[in-house]
Amino acid sequence: PDRVMQARLHSVGLKVLDYPRMKAFYQDTLGFAVERADEEREDRKACFFAGATPFYLVYDAPREGDAPPPARIRTRLDLHVDDVQSAWQEISAKLEKVNGPPHPTRWGGVGFSFKDPEGTTIHILQGKR
């Protein structure tokens, strides 16, 4: 089928409820450097890079009348690494619950997964994409 548009992923944004905790997780636990941060406004943001693709956390302040967050988070991040065994050793030492050790994935390659403090699934993968 013909594509209506051709697009490349520009960035990924995660809306978070506990901004300081989530920023610390991505910065301290996973080791991403904060490239930019705007923490003076109510909708605080921190930008990180995963390779060439930026991803950012933005504080999603609850407002009166908002529905509660969904019980099951459907967002996931797939992060490609050159050495999945080293990533496994580093991350599994920092977290209580990690789905591993690294194992073959259904799309090829090897990987493992875990959840960030607010429930986003993170897959660490080596090999085919």
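Here's a quick rundown of the structure. (Residues numbered from 1 in each chain as written. Predicted model: local features only at pLDDT ≥ 70, side-chain atom pairs only at ≥ 80, totals over all residues. Heavy atoms only, no water.)

**Let's talk about helix H1 (residues 19–29)**
Moving on, step 1. When H1 is considered as a whole, its buried residues turn out to be Tyr19, Met22, Lys23, Phe25, Tyr26 and Thr29.
Moving on, step 2. Looking at the buried side of H1, the elements it contacts are strand E1 (12–16), strand E3 (45–50), strand E4 (53–59), strand E5 (76–80), strand E7 (110–115) and strand E8 (121–126).
Moving on, step 3. You can read the cap of H1 off the contacts: a side-chain oxygen lies 3.3 Å from the backbone nitrogen of arginine 21, and it is on aspartate 18.
Moving on, step 4. Count one or two residues on from H1 and you reach glycine 31, which has phi positive near 85°. (Buried < 20%, exposed > 50% of the residue type's maximum accessible area, 1.4 Å probe, protein only. Helix = DSSP H or I, 4+ residues; strand = E, 2+ residues; numbered from the N terminus. Contact = heavy atoms within 4.5 Å. Polar contact = N/O pair within 3.5 Å; in protein donor to acceptor, adjacent residues only side chain to side chain.)

**Considering a positive patch on the surface**
Moving on, step 1. A contiguous patch of positive charge, built from Arg72, Arg74, Lys97 and Lys115, is present on the exposed surface.
Moving on, step 2. Structurally, the position occupied by arginine 74 is in the loop between E4 and E5.
Moving on, step 3. Using a relative accessible area of 69% as the deciding quantity, one classes arginine 74 as exposed. (Patch = residues over 30% accessible without salt bridge, like charges linked within 9 Å, V, L, I, M, F, W, Y side chains within 5 Å. Areas by Shrake-Rupley, 256 points an atom, 1.4 Å probe, with all protein chains shown as cover. Salt bridge = Lys/Arg side-chain N within 4 Å of Asp/Glu carboxyl O. Lys, Arg positive; Asp, Glu negative; His and termini not counted. Charge placed at Lys NZ, Arg CZ, Asp CG, Glu CD.)

**Remarks on unusual backbone geometry**
Moving on, step 1. Look at the link from glycine 100 to proline 101: it is a cis peptide, with omega at 10°.
Moving on, step 2. Checked against the element boundaries, proline 101 lands in strand E6 (residues 99–104).

**Brief notes about the environment of leucine 17**
Moving on, step 1. Note that leucine 17 resides in the loop between E1 and H1.
Moving on, step 2. The exposure class of leucine 17 is partly exposed, given its relative accessible area of 43%.
Moving on, step 3. Sequence-wise, leucine 17 and glutamate 118 are 101 residues apart; in three dimensions their C-alpha atoms are separated by 7.8 Å.
Moving on, step 4. Beyond its immediate stretch of four places on either side in the chain, leucine 17 contacts Tyr59, Asp60, Pro69 and Glu118.

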